Amino acid sequence: MKLKNANGVSEILEALAEIRDLDESQARSLPAGFYSSEKYLELEKEEIFRKEWICLGRAEQIPNPGDYFATDLVEEPLIVVRGQDKKVRVLSNVCRHRSSVILEGKGTAKHFVCPYHAWTYANDGQLLRAPYMDQVKDFDVKGCRLPEFKTEVWHGFLYVNLDGKAKPLAPRLKGLEPYITNHHPEEMDVNVVQDEVWPTNWKCLA
């Protein structure tokens, strides 16, 4: 009964621990709260989506310097961009001035201009221009930039780690190499990108 009625975070964790220790022959369904509890979802956002590597797309979506697309990850607005130095970066999509979202959609740009007060950033995140801030004592344009998140490209897939503390991704996925090598994922191209909103828990979709 405890598995069916587990809704609190501690109850769900206890139920999962019980299931984890069962033999395969005793496999059973996970508690409903694992999929429906809002509090458990918040825990997942904090412990998985902010602390682990999350795939945001493919490198061929931004093939040339200046190419970018905007996205969100657990309410964190992001810019995925290939800089003029050809390096792939994931930057905060929040202006350092008044916290306005800077970009939407996708495109190509050497500079990102905030629509609120026209603060202008290079596509590596460096602040270039801040109107009227020259009147503010000790404000240093060169010392201001968009935060950059830890990023890895693995076989063409773009990954980000929001808290910057995750261990390098590639060594952790080494065990997958024998299973994917014949598919040559690094040579694949994106043909269609489609956004959908599903009225379900992320684990159901996965």
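Residues numbered from 1 in each chain as written. Predicted model: local features only at pLDDT ≥ 70, side-chain atom pairs only at ≥ 80, totals over all residues. Heavy atoms only, no water.

Enquirer: Help me out: how do you make sense of the pattern of salt bridges in this one?
Expert: Oppositely charged side chains can form a pair if their charged atoms are brought close together. On inspection of all chains with the given rule, the structure shows twelve salt bridges. Glu46 serves as the salt-bridge partner of Arg50, at 3.9 Å between the closest nitrogen and oxygen. Overall, the relative accessible area of 41% leaves Glu46 in the partly exposed class. Between Arg50 and Glu76 there is a salt bridge whose closest N-O contact spans 3.8 Å. (Salt bridge = Lys/Arg side-chain N within 4 Å of Asp/Glu carboxyl O. Buried < 20%, exposed > 50% of the residue type's maximum accessible area, 1.4 Å probe, protein only.)

Enquirer: What is the right way to read the layout of surface pockets from this model?
Expert: If you roll a probe as big as a water molecule over the atoms, it shows you where there is empty space left. Taken as a whole, the largest pocket spans an internal volume of roughly 1,500 Å³. Along the walls of the largest pocket sit 36 residues, with Thr71, Asp72, Asp195, Glu196 and Leu205 positioned nearest its centre. Elements supplying a minimum of two residues to the lining of the largest pocket: helix H3 (33-36), helix H4 (38-49), strand S1 (54-58), strand S2 (67-73), strand S5 (106-108) and helix H7 (202-205). In terms of residues, the lining of the largest pocket owes the most to one element, S2, which gives six residues. Along the lines of polarity and charge, the residues of the lining of the largest pocket split into 18 nonpolar, ten polar and eight charged. (1 Å grid on protein atoms, 1.4 Å probe; cavity = no way out; pocket = protein on both sides within 12 Å on 5 of 7 lines; lining within 4 Å. Points joined across faces, edges and corners; volume = space filled by probe spheres on them. Helix = DSSP H or I, 4+ residues; strand = E, 2+ residues; numbered from the N terminus. Nonpolar A, V, L, I, M, F, W, Y, C, P; charged D, E, K, R; others polar.)

Enquirer: Would you mind showing me how to read helix H2 (residues 9-20) here?
Expert: Quick reminder: α-helices carry 3.6 residues per turn. Residues three or four places apart thus point the same way. For H2, with twelve residues, the first-to-last C-alpha span of 16 Å sits near the 16 Å given by 1.5 Å per residue. Buried within H2 we find Ile12, Ala15, Leu16 and Ile19. The arc enclosing the buried residues of H2, seen along the axis, measures out at 100°, which places them on a common side. (Expected span 1.5 Å × (residues − 1). Arc of directions from axis to C-beta.)

Enquirer: How should the packing of aromatic side chains be read in this particular structure?
Expert: Scanning the entire structure with this criterion turns up five aromatic pairs. Each ring, one from Phe34 and one from Tyr40, has its centre 5.6 Å from the other, and the planes form 50°; the classification is tilted. Overall, the relative accessible area of 8% leaves Tyr40 in the buried class. Here the aromatic residues Phe34, Tyr35 and Tyr40 are joined through ring pairs into a cluster of three or more. The ring of Phe157 carries Arg58 above its face, with NZ or CZ at 4.3 Å from the centroid. (Phe/Tyr/Trp six-rings, centres within 6.5 Å; stacked < 30°, edge-to-face > 60°. Lys NZ or Arg CZ within 6 Å of the ring centre and 35° of its normal.)

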